[in-house]
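Tertiary structure, described
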Amino acid sequence: MNSSQHYKCYLPFTNPLVTEPCTVPMEDDSETRTPRHSIEANHQEEERDPESNSLHQPLLKRNRTLSSTPLAIIGSKVSHIESLDYEINENDLFKHDWRSRSSVQILQYILLKWILAFLVGLLTGLIATLINLAVENIAGYKLLAVVKFIENERYLLGLAYFTGVNLVLTAFASSLCVWFAPTAAGPGIPEIKAYLNGIDTPNMFGATTLIVKIFGSIGAVAAGLDLGKEGPLVHIGSCIASLLGQGGSDNHRVKWRWLRYFNNDRDRRDIITCGASSGVCAAFRAPVGGVLFALEEVATWWRSSLLWRTFFSTAVVVVILRAFIEICKSGQCGLFGKGGLIMFDVSDVTVSYHVMDILPVIFIGLIGGLLGSLYNHVLHKILRLYNLINQKGKIYKLLLSLTVSLFTSVCQYGLPFLAKCQPCDPSVAELCPTNDRSGNFKQFNCPSGHYNDLATLLLTTNDDAVRNIFSSNTPHEFLPSSLLIFFVLYCILGLFTFGIATPSGLFLPIILIGSAYGRLLGVAMGPYTNLDQGLYAVLGAASLMAGSMRMTVSLCVIFLELTNNLLLLPITMIVLLIAKTVGDSFNPSIYDIILDLKGLPFLDANPEPWMRNITVGELADAKPPLVCLSGVEKVSRVVDVLKNTTHNGFPVVDYEVVPPQGLAAGATELHGVILRAHLVQALKKKWFLREKRRTEDSEVRQKFTWIDLSERELKIEEVAVTREEMEMYIDLHPLTNTTPYTVVESMSVAKAMVLFRQVGLRHLLIVPKYEASGVPPVVGILTRQDLRAHNILNAFPHLARPKDREKRH
């Protein structure tokens, strides 16, 4: 049904031909209406400077309306976007449920939360181990075979084998994403961040997405592409958490009574937060860093009990990983030994620095901020180009992935031939040269007693490349020319690999790029500094991650847990703060850029300064009339409203109420807000009355349970209502949230936006500033789309500064 059709809210004490001036509770509508302010007042306001207007002065050309865009690019398709109901729906059924619960039932509910947190950590740790084992063995045997070709000087055959295997692995990973689960492509972190912000990203946490993410990550990483499994692991942990919380996939859900208590957006959000933390912990073996990553980067809403459960989940993950690492050290895991997890222990390196060493540290931070913002800018342009290519069809998406794989394989195999062979240093304890899969001194095409430093970085797995470039006490291991080639190559690969139709993470490419220029600076500063080149590489990686992703606290803790050296804390903090500050002065973080490209209506923590110059009442004026329902409503009216609107919340208003003593007779009461899903549920259960009356509590509990109201899958088209039932009534009072959040119409949009985001709302009622006869109890509803900056500026163009207007046009 066309969402532009709307019902108007008639009040019985007014002229029925005149509609009350209210806004529509829109998630996705773009409509027009006649505002309640006069056109004459508008003509006077056009002459004023919008930045200098006070809050009570209207700013808008009154023929404008507040528009919204409910569509986003999820996976490869344009999808309809809804918001999530994180607010506790305190209706009569909910209140009775909590009053009737015994202490044992409450204890069971809390215990089940901890059991779910344990299972999330356990399964995430097991799957992460599986991915690491598979990647290390597939890539390891592939590289050992290539080494055999090179030893026999069959270089072209080696190139053909290396390229062919990588193309097969890439085709496997890309085909899974293209044909089975488009939402599994990419890191998944921006979508998780949007979900925890209150946006229902379609098909992001399904069983198919989880399976494709696991096997797609194995194929893409084993193919040697410049991407990591860290971002996909965060998505995998979130998928596991979501499936556990709702009892499995949509078609095979466990209907256990207690598990159904978690089938709501609020509890599901908490469990997915545990999953995201577990994914970071599985990627970096950093339990505290995983918790802080969820707190700083992805979660919008937080509380102390959630902190404990996420920490418990990450603790379980790290125990599982550590247990498997000990098992694999005995050689029971094939080629998986020290590899598989990014863990570079530099605790044996003496970290001593003087005041003058702070200067190169500051310089690394500046470079990281500049390169990070430049990386974000160029990647933004490339992703827009890839979007045009992907729109042409599935075959084009697959061909794009194969093209990137072919280019990557040729560069990784061919560029080491440009490097000079270096003699092995007899003072180094490590075996030199080596033709094994791992090691810092790869022989490649060099004679006996010599090694190829560029092959050490390129012809290996990405995890081993990180471990090699972070190696300490090796000041002469890598030539500056080799480091420069490595840096330029991975800058190119990092930009062109991200965005193809495979599961991919940004952490590892950025670490490789940052460590390369960090080590280069370490080589240049060798005679003038006390810091090891490996530590320069660590600082370079940290600076670029802060410059691109704009993380500080969580990133600092992750690097400390990885390096196992607390002495790095002061200089790491300096680098991160400088890089983030410099990057913020140019553009948003890479995840914010991806959110914008996908069209996800993410609400940022900081409102725009001009939002203080406009009130929520003025936003209400720019929206169509409000659709409201009576406390006891006719069935035909409810059906018409549901079929002819796409709104998800409706104010419930009672007229001619007998008020408490001291108020005028015939008052109007705002009873609360009722959700679309609850109205559909009432129609499905035939909650009908033959006469217009309020029901008793016992009648309601015979028909509904609080768990029934958590169902969200029903649609009005699936409910059949007879002509006779159309003339009956529904008592909406027991299903109505009687404690909705409200703001007075004179409140600034900036203040309302902060409240909306922090509490995790879907609907925010606007109540009038004055109470008088004929004044409705609610004048509008604000939703997520109404509070987005570009939507407001489309309706209120005078709020934008000249530069902002130029950008929008």
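Provided above is the structure to which this section pertains.
In short, a report on the structure. In this text the structure is predicted, and so the values were computed from the model without any measurement. (Residues numbered from 1 in each chain as written. Predicted model: local features only at pLDDT ≥ 70, side-chain atom pairs only at ≥ 80, totals over all residues. Heavy atoms only, no water.)

What about the overall build of the protein?
The helix and strand tally for the protein stands at 29 helices and 14 strands. Of all 809 residues assigned to the protein, the portion counted as buried reaches 58%. (Helix = DSSP H or I, 4+ residues; strand = E, 2+ residues; numbered from the N terminus. Buried < 20%, exposed > 50% of the residue type's maximum accessible area, 1.4 Å probe, protein only.)

Here's the deal with the sheet that holds strand β13 (residues 764–767)
Taking strand neighbours across the sheet as the criterion, the three strands line up as β12-β13-β14 in an open arrangement whose pairing is mixed. The open sheet has two edge strands, β12 (742–744) and β14 (780–782), and neither has a second partner. In this sheet, adjacent strand axes meet at a mean angle of 35° when their direction is disregarded. Two strands pair when backbone bridges link them, and β12 and β13 are joined in this way by three bridges, in the parallel orientation. Bridging across to β13, Val744 finds its partner in Val767. (Pairing = 2+ DSSP bridges. Axes fitted to C-alpha atoms, helices over the stretch in contact; angles between N-to-C directions.)

Looking at the pairing of strand β9 (residues 649–657)
Within a regular beta strand, the side chains point alternately toward one face of the sheet and then the other, so they alternate between its two faces. Among the nine residues of β9, seven are classified as buried, and the element is accordingly described as predominantly covered. Relative to β9, strand β7 (residues 629–630) runs parallel, the two being bridged by two bridges. Of the residues in β9, the one forming a bridge with Ser630 is Val653. For β9 and strand β10 (residues 667–675), the ladder comprises seven bridges, and the chain directions are antiparallel.

Quick word on the packing of helix α3 (residues 103–151) against helix α4 (residues 155–179)
In contact at an axis separation of 8 Å, α3 and α4 are set at 165° when each is read in the N-to-C sense. In terms of their interaxial angle, α3 and α4 are classed as roughly antiparallel. Note that α3 runs across α4; the crossing there is right-handed. Where α3 abuts α4, its residues Ile138, Lys142, Leu143, Ala145, Val146, Phe149 and Ile150 lie against Tyr155, Leu157, Gly158, Tyr161, Phe162, Val165, Asn166 and Leu169. (Parallel < 35°, antiparallel > 145°, perpendicular 65-115°, else oblique. Left-handed = near helix turned anticlockwise from the far one by under 90°. Contact = heavy atoms within 4.5 Å.)

Quick look at the packing of helix α6 (residues 207–222) against helix α7 (residues 230–245)
As a packed pair, α6 and α7 sit with axes 9 Å apart at the nearest point and diverge in direction by 150°. Regarding the angle of α6 to α7, the classification is roughly antiparallel. Helix-helix and strand crossings are classified by hand; for α6 and α7 the assignment is left-handed. Along its contact with α6, which presents Ala207, Thr209, Leu210, Lys213, Ile214 and Ser217, the element α7 presents Pro232, His235, Ile236, Cys239, Ile240 and Leu243. Partitioned by chemical class, the residues of the contact of α6 with α7 number eight nonpolar, three polar and one charged. (Nonpolar A, V, L, I, M, F, W, Y, C, P; charged D, E, K, R; others polar.)

Considering the packing of aromatic side chains
Tallying each qualifying case throughout the model produces 13 aromatic pairs. Measuring from ring centre to ring centre gives 4.9 Å for Phe441 and Tyr451, while their planes differ by 90°; the resulting arrangement is edge-to-face. Of the two residues, Phe441 sits in the loop between β5 (421–423) and β6 (450–452) while Tyr451 sits in strand β6, which places them 10 residues apart along the sequence. Of the residues examined, Phe441 reaches a relative accessible area of 4% and is grouped as buried. By the ring-pair criterion, three or more aromatic residues cluster together here, those being Tyr155, Phe162, Tyr413, Phe417 and Phe444. Sitting above the plane of the Tyr86 ring, Arg269 keeps its charged end 4.3 Å from the centroid. (Phe/Tyr/Trp six-rings, centres within 6.5 Å; stacked < 30°, edge-to-face > 60°. Lys NZ or Arg CZ within 6 Å of the ring centre and 35° of its normal.)

Structural measurements only, silent on function.
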